[in-house]
Every structure is written in structure tokens, then in C-alpha cells.
Amino acid sequence: MAEISGKTLMPETFQGTRLDIAGQIGLVWELVKAPLIVPLLRVAVYICLTMSLMLFVERLYMGIVIILVKLFWKKPDKRYRWEPLMEDEESGNSNFPHVVIQIPMYNEKEVYKLSIGAACGLSWPADRLVIQVLDDSTDPAIKNLVEMECLRWAAKGLNIRYQIRENRVGYKAGALREGLKRSYVKHCEFVAIFDADFQPEPDYLKRAIPFLVHNPDIALVQGRWRFVNADECLMTRMQEMSLDYHFTVEQEVGSATHAFFGFNGTAGVWRIAAINEAGGWKDRTTVEDMDLAVRASLRGWKFVYLGDLQVKSELPSTFKAFRFQQHRWSCGPANLFRKMVMEIIRNKKVKFWKKVYVIYSFFLVRKIVAHMVTFCLYCVVLPLTILIPEVEIPIWGIVYIPSIITTLNAVGTPRSIHLLFYWILFENVMSFHRTKATIIGLLEAGRANEWVVTEKLGDALKNKNNNKAGAKKFRLKIGDRINTLELGFAAFLFFCACYDFLYGKYYFYVYLFLQTITYFIVGIGYVGTIIPS
């Protein structure tokens, strides 16, 4: 029997049709590319270069200012009046103002004891301190555990109150707002806020409160976060690098130059009168802390950041928790900018240059441009220029400027300088989620007000591993950790890298292959801590 080939089975008319379709598609592409695709891509390149220059100037400005601050600026206790609060032999503790500690929590089974224990260990006269645990938990078992912990400390003589609500209206902002309405805190002058995983040192109040007592124009004293689980995995090290720059540079510069920065939502002490004057806690965005800070600043209140006042906290160590956190932190500021930009422009109480700083530097560059330029330039525009060689990106825009920006970002965490390359690749992946969240916030789309509490593990994973020592290894369903969007981008970048390897001339495929691997690793879920079920 004669051998039958594929061509024998496939009609010649069909083969001709297939070649005609391919030829027609190629012809249409050539007709569309020159008048439409190439000009659009050139516009995208110009926009990305403009955003990159904006970010470069911002980072350079911040770098110069932080050097001047460290070398020549006075420390906060020298810029403002600061004297330690002392007991008086005649009046006793009357020199110490009444303070309420608010600890908002939601199903915080693994960490609730940490924050409650740390708050109860604060060095402050017991008759001048109220500890308020604002529990929005939906799990009855966890609510019972938290309440029993509060009763245990109350039995030791501390004024600790366990507070619950019938619903979670307003989420964290709603809980804080309701807490300040309670009659037993009406006499308090200041409120310190700590999330469930934060552990202030005993002298925290004695170092922070004097700024508020002796300077009636100061509304907020913000402490710095210090991370207890930074070495847990590579993802937590990446987070530490980003957040250390935020605290070491951004918060320090804002405090020193304009007495303004974004409240971090925890590890800070507020003057209750300033909160009330600014309109109280609002739940119109997912960044109620930043919302309050901007409104208070527009009314002339000043903020002080203390870099040496450090509070232990936990970084999200699972990728799912980190992704939800980054969505909230990226969507919220963009949405707040949309709501407040005109109010800032029309404000009469603050100086013109402070308005410029808040609108341009604080909001536009840091909260919008910084997210979008990373993703658009390195994950979209650069790969497309490989497929469309008629459009080129200048070497200064793709190598020199970004290298300087990255180097300036690394100053906050010198111990992780060797991880800088990994940090770049991971940040490029996360920029996709941040860009998406920023656009949602600007457009006030469906997930603009989505609030997912960041999961904290505490010692849960360590305890589980100890309990299961020698036991059979756990397994996770592949569907539980697959991230399809990341895998899609990995495929796109891999195709562009292969094309550049075959036909390109600038060796961009080296970067693209590495970025493809990073997207793929995140896509299959092998990033962060994997929790055994």
C-alpha cells in the first residue's frame, strides 16, 4: 500500500485558502502598523519616558533632602519643644494626660495576644490609660478568645474594654469612629492606634506624648514599623526593602520639610481634637488613615515622624495576603486623590508650595506614576518595541534613569543590597497589580472599596511545623495557587524574548527571560510562605 502523506489527505484548495488567509492577515497588519500602531506605540514611549523622568526627579529630590536632613536638620526633639513628663509629688499623675489605646482587630486568632499584651505593658499611669479592643471578628470562637484575654488583663487592674459592633459598617474606620464615641473615653485627649500584630515598646507613650502636650499645633506623632518576620522568606525581604525606603526617606522628608506625611494607620498617636476638627474617621476609601491625615493637614495641623520610635509588626508572608494588601494600598490613594484634589486646590489655610507637594509629589508621583510607569514601560511598551522595531526607546530611558532610581530606592535597606536585582524583578510583577488597582481607584470602578483584612500568621506556621515534625508532607491543590494573569504575562514576555533573541539587536532578551521566569514563579504560586492546610 502506497504511503499516504498529509498533503494527499488535505485538499489543495484548502491549503491555498490557508495560505491566502495568512497572507491577508499579514497584509492587513502591514497596512495598519505604519499609520496606526507605530504612532500609538511612539506616544506610549513618550508618556512612559515622561513618567520615568518625573519619578527620577522626585527620587533625586528626596535623596538630596534626606542627606541635608541627616547632616544639618535639627532632630524632632530640637525642632519642637519636648520635655519628659514627670510625676509631681503633690498632684501625683496629673501631669500625664488621659490616653486611650485603640486596637482594631478582625478574626486575629494568631496575633491578638501580642498587641493586647504590648498595650497592657505600656509604661503609663493606670488611672490615665484606657485600652480599647475593637473586635469586629465574625468567628464566635475567636471573639470569645479575645474577650477572655481582655478579662485576664482587667483582672490585673488595667482599664481595658472589649468592644464589639452589630455590623462592620465602615470597616476599620467605622470601628475607630465608634470607639471614640464611647462615654468612658470622652475625657481622653489623645488616642494611640495599634493594629493587631503591632507591639509597642513600654516607653512608646512617654516618648511620643510630650510632643503633643508641649506643642498644641501638632496633631500626629508617627512611629516607624520594624518587622519581626523580615527574614521569613524572600518575599518578606522584598517588602522590607520597599517599606524601609518609605520610612527612611519619604516619611522623614515629609516631616522635616512640610510637617506632613501620610498616617500609616497604626503605630501613631493622634490628638483627638484634631481628629474631630478634621471631620473624624471617614470610610469613603480604603485608606481611612491617609484620608484623615490629608484633611487634618489642610486645616493647618502639623505631623511629626520619629524614625527611632520603632514598633514591632508583621509583614504579610503569603502572596495572597500581600496581593490583597497592595490592592488596597494602591487603589485607596488613587481614589482619595480623585475625591480630594479640588478640595486641596481650593484650600486657603495652607501655603502654595505645600499644595504642590501634596498634589504632585505625595499623590501624583508616588501613588500613581510610580506604579504605572514600572508596569507600562518594562512589561508592556518595551516588549512591544521588540515586536515593532520601527519604535525605539532611548538607552537613557530604559537603562540609565531606571538604574539611578533603583539605586536610590535601595538606601533604606543596606543589608539587602545584594537582593536588588531580585527586588526589581519582583516589583515589576507587583506593579501589574498596583497599576490595575490604581486605575480602579481613579475610575472608582467595582473593586474601589474592596476591603480584605491582611492575614497575619504570627507563630501559626512555626507551631504547625513543630506539631507535624516527621509527619507526611502536606499537599496543595494546584488550582489553589495558580495565578492565571501572571502566567499570561509570562507567556507574552517569553514570546517577545524569543523574538528578540532571534531578530533583535539590543540583547533585551536577557532581561525578558529573567522577567518571564519571575512571572512564571509567581504564576504557579511558589512565592512567599505556603501554609499547610
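Residues numbered from 1 in each chain as written. Predicted model: local features only at pLDDT ≥ 70, side-chain atom pairs only at ≥ 80, totals over all residues. Heavy atoms only, no water.

A. Structural detail: the overall build of the protein. On a plain count of helices and strands, the protein comes out with 18 helices and seven strands. Per-residue burial over the protein gives 53% buried out of 533 residues. The contacts of the protein with a sequence gap of at least 6 include a subset with a gap of at least 24, amounting to 82%. With 64 positive and 51 negative side-chain charges, the protein shows a spacing of 2 Å between the two charge centroids. (Helix = DSSP H or I, 4+ residues; strand = E, 2+ residues; numbered from the N terminus. Buried < 20%, exposed > 50% of the residue type's maximum accessible area, 1.4 Å probe, protein only. Contact = heavy atoms within 4.5 Å. Lys, Arg positive; Asp, Glu negative; His and termini not counted. Charge placed at Lys NZ, Arg CZ, Asp CG, Glu CD.)

B. Structural view of the packing of helix α12 (residues 352-387) against helix α14 (residues 420-443). α14 packs onto α12 with a crossing angle of 125° between their chain directions and a minimal axis gap of 8 Å. On the basis of the axis angle, α12 is oblique to α14. For the crossing formed where α12 meets α14, the hand is left-handed. Judged by residue contacts, Lys 367, Ile 368, His 371, Met 372, Thr 374, Phe 375, Tyr 378 and Cys 379 of α12 engage Glu 427, Asn 428, Ser 431, Phe 432, Arg 434, Thr 435, Thr 438, Ile 439 and Leu 442 from α14. For the contact of α12 with α14, a count of residues per class yields eight nonpolar, six polar and three charged. (Axes fitted to C-alpha atoms, helices over the stretch in contact; angles between N-to-C directions. Parallel < 35°, antiparallel > 145°, perpendicular 65-115°, else oblique. Left-handed = near helix turned anticlockwise from the far one by under 90°. Nonpolar A, V, L, I, M, F, W, Y, C, P; charged D, E, K, R; others polar.)

C. Broad picture of helix α18 (residues 508-523). Between its first and last C-alpha atoms α18 spans 22 Å; for 16 residues at 1.5 Å apiece the expected length is 22 Å, and the two agree. In the segment just after α18, Gly 525 is the residue with positive phi, at about 85°. (Expected span 1.5 Å × (residues − 1).)

D. Just the pairing of strand β4 (residues 190-193), in detail. Burial of β4 is two-sided: the residues Phe 190 and Ala 192 facing one way and the residues Val 191 and Ile 193 facing the other way are all buried. When strand β1 (residues 99-105) meets β4, the two strands line up parallel, connected through four bridges. For Gln 102, the partnering residue across the bridge sits in β4 and is Ile 193. Pairing geometry for β4 and strand β6 (residues 268-271), over four bridges, is antiparallel. Each bridged residue has a counterpart across the sheet, and for Phe 190 the counterpart in β6 is Arg 271. (Pairing = 2+ DSSP bridges.)

E. Geometry of the confidence of the model for the protein. Scored by pLDDT, the protein has a mean of 89; 91% of the residues are at 70 or more. Ignoring residues within four places in sequence, the model shows residues 468-474, a span with pLDDT below 50, making three contacts including any to other chains. (pLDDT = per-residue confidence, 0-100.)

F. Expanded view of the environment of Thr 385. Mapped onto the fold, Thr 385 is located in helix α12. As a C-alpha pair, Thr 385 and Arg 42 span 343 residues in sequence and 9.1 Å in three-dimensional space. Once residues lying within four places of it in the same chain are set aside, the contact partners of Thr 385 are Leu 41, Val 45, Val 391 and Ile 393.

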